[in-house]
Amino acid sequence: MTIQRACCNGEPFFIYCSDDEKQRKTLNSMNQPRKVRIAIQKSGRLNEDSIRLLKECGIEFENGMNKLKSSAINFPMEVLFLRDDDIPKYVEQGVADIGIVGENVLVESSAAVQTIEKLGFGKCRLSIAVPKDKNYSGVKDLEGTRIATTYSIVLQKFLDEKGIKAEIQPISGSVEIAPGIGLADSICDIVSSGSTLFSNGLKEVETVMYSQAVLIAGKCDAEAMRIVDRLLFRMRAVRKANHNKYVLLNAPNEKLEKICSLIPGMKSPTILPLAEAGWSSVHSVIEEDKFWEIIENLRDEGAQGILVVPIEKMVI
Ligand code: PRP
Ligand code: ZN
């Protein structure tokens, strides 16, 4: 007799099966389709963008998204809303199959999970900051000082690499007030817009690591992996679309070859004749980061009436 964990209406429970039954009674054998559980940040920098990404993947949720748990109505998925620091551990333990978390939190957790996709949002850096009126000439100024942080492991590694001996003050929140109340000489914390440092009279002096949101996975069974693959396919299409624009322009026929070489698109541009003789309409896709450079070159080559439109999804 063995005990197996199972789900019913989203609630975990345990089923007892003899060993020969074990293979049969998998999670989905109880007329309950397997759902993938994804853990996302309950509140904080990654919360809104994580929800937006799932919605852009066409996943709709019942009862809004403001609870601890929510089920998708058109995709086999459940969302758990957790503190970001807890997400790697819960994914490692299988409470959630996958999670969206900052690399900073992931590295600090040392959890045995794998990063399956960088998501391109929540970009930030883990930095050391000192009071703004303090002279700072380099990393050696940290020698013998006290640094408050919630990222002790990552910070210690950084200090070791630099050969600096400093006293790490591990704290669990509101790190930015530590110098002001005399708890530490500096802090090591996440900087995104920089407004938290600014409003606490601190300046950034060292970058410890760069971070962004990533999708992580624990030991998923084959069925969960199939669902994760479907999700990944959608996430990649959404990201690709966000990084590209659809461009339409009018071009004199004698310049078509040159203009098409500037906007090769996914396969090749679409060319349609205009009602006005000697002109064509050209449609293609361009990458966001090369946007202005390409548009300027197109204008230089005689393109007119350039329209640029956002793309909702892009499947290649
Ligand atoms: C980080 C950090 C700051 C804030 C910095 O918190 O602790 O509070 O972001 O951002 P800013 O430079 O734009 O002001 P995070 O969202 O990671 O949440 P947590 O510290 O509660 O985990
Ligand atoms: Zn956190």
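A quick note: this is a predicted structure, and the numbers were derived from the prediction, not measured.

Draft legend 1. How the structure looks around unusual backbone geometry. Residues other than glycine seldom take positive phi values, yet Ser-110 does so here, at roughly 55 degrees. Structurally, the position occupied by Ser-110 is in the loop between α4 (103–109) and β7 (114–118). Despite not being glycine, Ser-174 has its phi angle at roughly 45 degrees, a positive value. Within the fold, Ser-174 resides in the loop between β10 (167–170) and β11 (186–191).

Draft legend 2. The arrangement of the site of ligand 1 in detail. As a structural note, the neighbourhood of ligand 1 is formed by Gly-44, Arg-45, Asp-84, Asp-189, Ile-190, Val-191, Ser-192, Ser-193, Gly-194, Ser-195 and Thr-196. Contributions of two or more residues to the shell around ligand 1 are made by β11 and α6 (195–199). For the shell around ligand 1, the element with the most residues is β11, which contributes three residues. Among the residues forming the shell around ligand 1, the class breakdown is two nonpolar, six polar and three charged.

Draft legend 3. Molecular detail of the pairing of strand β15 (residues 270–273). Where β15 and strand β16 (residues 279–287) come together, four bridges link them in antiparallel fashion. What sits directly across from Thr-270, in β16, is His-283. Hairpin connection, β15 to β16: the antiparallel pair is bridged by five residues, and Gly-278 has positive phi, about 90 degrees.

Draft legend 4. How the structure looks around the sheet that holds β16. Taken in spatial order, the four strands line up as β15-β16-β14-β17 in an open sheet, and their pairing is antiparallel. If you trace the sheet from one side to the other, it starts and ends with β15 and β17 (304–310), each paired once. On average, each strand axis in the sheet is tilted by 20 degrees relative to the strand beside it, whichever way the strands run. Judged from the nine bridges that link them, strand β14 (residues 244–252) and β16 form a sheet pairing that is antiparallel. From the neighbouring strand, Leu-248 faces β16, where its bridge partner is His-283.

Draft legend 5. Just the sheet that holds strand β9 (residues 146–149), in detail. Strand order in the open sheet formed by five strands is β10-β9-β11-β8-β12, and the pairing between neighbours is mixed. Sheet topology places β10 and β12 (202–211) at the edges, where each strand pairs with a single neighbour. Averaged over all adjacent pairs, the angle separating strand axes in this sheet is 30 degrees, with direction ignored.

Conventions adopted
Residues numbered from 1 in each chain as written. Chains lettered and ligands numbered in written order. Predicted model: local features only at pLDDT ≥ 70, side-chain atom pairs only at ≥ 80, totals over all residues. Helix = DSSP H or I, 4+ residues; strand = E, 2+ residues; numbered from the N terminus. Near = placed C-beta within 6 Å. Nonpolar A, V, L, I, M, F, W, Y, C, P; charged D, E, K, R; others polar. Pairing = 2+ DSSP bridges. Axes fitted to C-alpha atoms, helices over the stretch in contact; angles between N-to-C directions.

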